[in-house]
Amino acid sequence: MTTDKIDNHYHQQLSALMDGDLPPDEARFLLRRLQHDDELTGCWERWQLCGDVLRGQAQAPAPAGFADRVAAAIAAEAVQPVVQSNTARSSSRLAKWGGGALAASVAVVALFMVRQQIPDETPVATTASTSSPVRANASPNRTASPALQTAAVTVASVAVASVPRQNTSPRRSATRTQQASRPATSSRSPDRAVAVAAAAVPVIHAIASTPANNSATQRNPFSNVQINPPTARPWPRAVTPQYGAGSGAFTAGFSNERATQSFYPFEPRTGETAPIAPSEPVPQDQ
Amino acid sequence: MTDVVSIHEASPQELDLELVRRVQRGDSAAFDLLVRKYQHRIVALIGRYIHDWSECQDVAQDTFMRAYRAMGNFRGDAQFYTWLHRIAVNTAKNHLLAHKRRPPTDDVDAADAEQYDTGSRLRDTDTPERELMRQELERTVMKAVDALPEELRTAITLREVEGLSYEEIAAKMQCPIGTVRSRIFRAREAIDTELRPLVDTESATRERART
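Residues numbered from 1 in each chain as written. Chains lettered and ligands numbered in written order. Predicted model: local features only at pLDDT ≥ 70, side-chain atom pairs only at ≥ 80, totals over all residues.

Asks: Which residues make up the overall build of chain B, and what values do they have?
Replies: Counting secondary structure elements, chain B contains 11 helices and 0 strands. Listed N to C, the secondary structure of chain B is α-α-α-α-α-α-α-α-α-α-α in terms of helices and strands. Classification of the 211 residues of chain B by burial places 38% in the buried group. Long-range pairs, those at least 24 residues apart, make up 60% of the contacts in chain B with a sequence separation of at least 6. (Helix = DSSP H or I, 4+ residues; strand = E, 2+ residues; numbered from the N terminus. Buried ≥ 20, exposed ≤ 12 C-beta atoms within 10 Å, placed from the backbone. Contact = placed C-beta atoms within 7 Å.)

Asks: Explain the overall build of chain A residue by residue, including any values.
Replies: Scanning chain A from N- to C-terminus turns up 12 helices and 0 strands. Element order for chain A, N to C, with α for helix and β for strand: α-α-α-α-α-α-α-α-α-α-α-α. The buried share of chain A, taken over its 286 residues, is 20%.

Asks: How would you sum up the interface of chain A and chain B? Please name residues and give values.
Replies: Contacts between the two partners involve 53 residues from chain A and, on the opposite side, 63 residues from chain B. Secondary structure elements with two or more residues in the side of chain A that touches chain B: helix H1 (3-18), helix H2 (24-34), helix H3 (38-55) and helix H4 (66-77) of chain A. When residues of the side of chain A that touches chain B are assigned to their parent elements, the largest contribution, 14 residues, is made by H3(A). A breakdown of the residues in the side of chain A that touches chain B according to their chemical character gives 30 nonpolar, 15 polar and 8 charged. (Nonpolar A, V, L, I, M, F, W, Y, C, P; charged D, E, K, R; others polar.)

Asks: Quick rundown of unusual backbone geometry? Include the residues and the values.
Replies: Of note, the phi angle at B:Gln174 is positive, near 55°, even though the residue is not glycine. Classification of B:Gln174 by C-beta neighbours within 10 Å gives exposed; the count is 7.

Asks: Please give an account of the environment of A:Ala67 that cites residues and values.
Replies: Looking at the element boundaries, A:Ala67 is found in helix H4. Once the C-alpha coordinates of A:Ala67 and A:Glu45 are considered, the two residues, 22 residues apart in sequence, prove to be 9.3 Å apart. Excluding anything up to four places from it in sequence, A:Ala67 contacts A:Glu45, B:Asp32, B:Val35, B:Arg36 and B:Gln39.

Asks: Which residues make up the nonpolar core, and what are the values?
Replies: Ranked by size, the top nonpolar core spans 70 residues in total, and within it B:Ile42, B:Val43, B:Ile46, B:Ala60, B:Leu84, B:Val141 and B:Ala155 carry the most contacts. At 11 residues, helix H3 (residues 28-47) of chain B tops the list of elements feeding residues into this core. Each residue touching B:Val43, except ones within four places of it in the same chain, is listed here: A:Ala60, A:Ala62, B:Cys56 and B:Ala60. (Core = buried A, V, L, I, M, F, W, Y, C linked by C-beta atoms within 7 Å.)

Asks: Break down the confidence of the model for chain A for me, with residues and values.
Replies: When pLDDT drops low, the exact placement of atoms in the prediction is not to be read closely. Residue and element names in this part refer to chain A. Across chain A, the average pLDDT comes to 64, with 32% of residues at 70 or higher. Of all secondary-structure elements in chain A, the lowest mean pLDDT belongs to helix H7 (residues 133-138), at 44, while H3 reaches the highest, 91. A low-confidence stretch, residues 183-190 (pLDDT under 50), is modelled with 2 contacts involving residues beyond four sequence positions or located in other chains. (pLDDT = per-residue confidence, 0-100.)

Asks: Residues and numbers for H2(A), please.
Replies: Residue and element names in this part refer to chain A. Looking only at H2, the buried set comprises Ala27, Leu31 and Leu34. Seen along its axis, H2 keeps its buried residues to an arc of 60°; they face one direction. Projecting away from the buried face of H2 at angles above 90 degrees are the exposed residues Asp25 and Arg32. (Arc of directions from axis to C-beta.)

Asks: So what about the confidence of the model for chain B? Which residues, and what values?
Replies: Residue and element names in this part refer to chain B. The pLDDT averaged across chain B works out to 82; a share of 79% of its residues lies at or above 70. When pLDDT is averaged over each helix and strand of chain B, the minimum, 41, is found for helix H1 (residues 2-7) and the maximum, 95, for helix H9 (residues 150-160). In this model, residues 1-9 is a region of pLDDT below 50 whose contacts with residues beyond four sequence positions or in other chains number 11 contacts. Low confidence marks residues 113-125, where pLDDT is under 50. Its contacts with residues over four positions away, or in another chain, come to 21 contacts. Across the whole predicted complex the pTM is 0.54, and at the interface the ipTM reaches 0.83.

Asks: Just give me the short version of the packing of H3(A) against helix H8 (residues 128-146) of chain B, but keep the residues and values in it.
Replies: Remark: H3(A) packs on H8(B), axes separated minimally by 10 Å, with the N-to-C direction vectors making an angle of 95°. Here H3(A) is positioned roughly perpendicular relative to H8(B), judged by the angle of their axes. Where H3(A) approaches H8(B), its residues A:Cys50, A:Val53 and A:Leu54 are matched on the opposing element by B:Leu137, B:Glu138 and B:Val141. Looking at the contact of H3(A) with H8(B) residue by residue, the class counts come to 5 nonpolar, no polar and 1 charged. (Axes fitted to C-alpha atoms, helices over the stretch in contact; angles between N-to-C directions. Parallel < 35°, antiparallel > 145°, perpendicular 65-115°, else oblique.)

Asks: Let's hear about the packing of H4(A) against helix H4 (residues 53-69) of chain B: which residues, and what values?
Replies: Two elements in contact, H4(A) and H4(B), have axes whose closest approach is 10 Å; the angle formed by their N-to-C orientations is 50°. On the basis of the axis angle, H4(A) is oblique to H4(B). In terms of crossing hand, the pair formed by H4(A) and H4(B) is right-handed. Between H4(A), through A:Phe66, A:Arg69, A:Val70, A:Ala73 and A:Ile74, and H4(B), the contact on the second element is made entirely by B:Gln57, B:Gln61, B:Phe64, B:Met65 and B:Tyr68. The residue inventory of the contact of H4(A) with H4(B), partitioned by class, reads 7 nonpolar, 2 polar and 1 charged. (Left-handed = near helix turned anticlockwise from the far one by under 90°.)

Given below as structure tokens:
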């Protein structure tokens, strides 16, 4: 098939398309071809002009190049048609609130994990997680506990991950004045992203520079239950001033021997405890 | 599959609707086809409100820009041209009010704009060059139609002027639909052969005027 025959074929299809008589699959391909075939697009325009002249609707025909000017203005403005259908609006709203819900759920899970690991430091972790990431990173505590670090990293990572999503959906303004000010607005967004990312970096550095033995001494990796030896706690002296200071009369505590005898049934037996001698008789329950 | 349903047995209005759907999906080339289809009618409509030719072009361009921005609001309840017609009238009136000029009290209805020739006011104030161009266009097209063979002239007239479908034309001319399709295509090709040099000349003149 020569080029003329191909062009003739497309022109015949275009004529049928204009009258709504082209089969759907051919119409789909022809519409796609019209996107880049200027000769075919010009033919479409002239045939429409011909129809307008025959119907008497072209009393003032548009000047040549009018459609090109409109296309150039649209391209220069970079405006996307605002689809405000209910489904699109609800989906965008769902995406917006869904991101927030996801971040909140991640923070809650991190808090829950922290609460389970070290109950004593729960108030500190709560404060760190509820504060903004920038505030949490303003004075990084290099001796912070792993729980605090986990919460801070979680919040910081969620904040950093949410920045690109906010930047990729800029608001489309409707007026030319707003469009003229758009470059300045868009130039601020990367700064904000960099600021949040920079705020998150100290947290990561702080955790990376934290001594490894800090966490190793706190947790037994082979046990899922933390066994802390109980420590003696003195009675508040303000309540018992008559007994003087440093007497230790009302000090409550536990014996150290009892702490070492604490036993968790699912923990593997360590080499420090002496194996049970097989020769000794096993005490029988009465 | 959506395209299959939407274009199948489509009337020209349904083709418009399909192009609108494509624009709503982000296909700006589909909007370019709509602009090329309705630019002459919109410019003629705005010319009834705004007599200055340069302002008329600017307002027509603004009309299409507004239509593109508001394309997401078009649900397809009315015909696309009716919707575009409303935008053009409002844009022209706002332009007149912004320049402290009183818009005409008699609105041009979309249906009336389709049926009746109410552009006499524009012709009174149009520039001689524009009037000459319009007359030349009409003369060229009518001359090309008159030169067509009888069956081609009948087919293109029934389609473009009367607005009949291919089935109705086939029934009226007592011939297969494929023959109707071929006759209309050949008629358009013959008219385009006469019309194209005129349009290209106008484009070249415009380019020379710009440079």
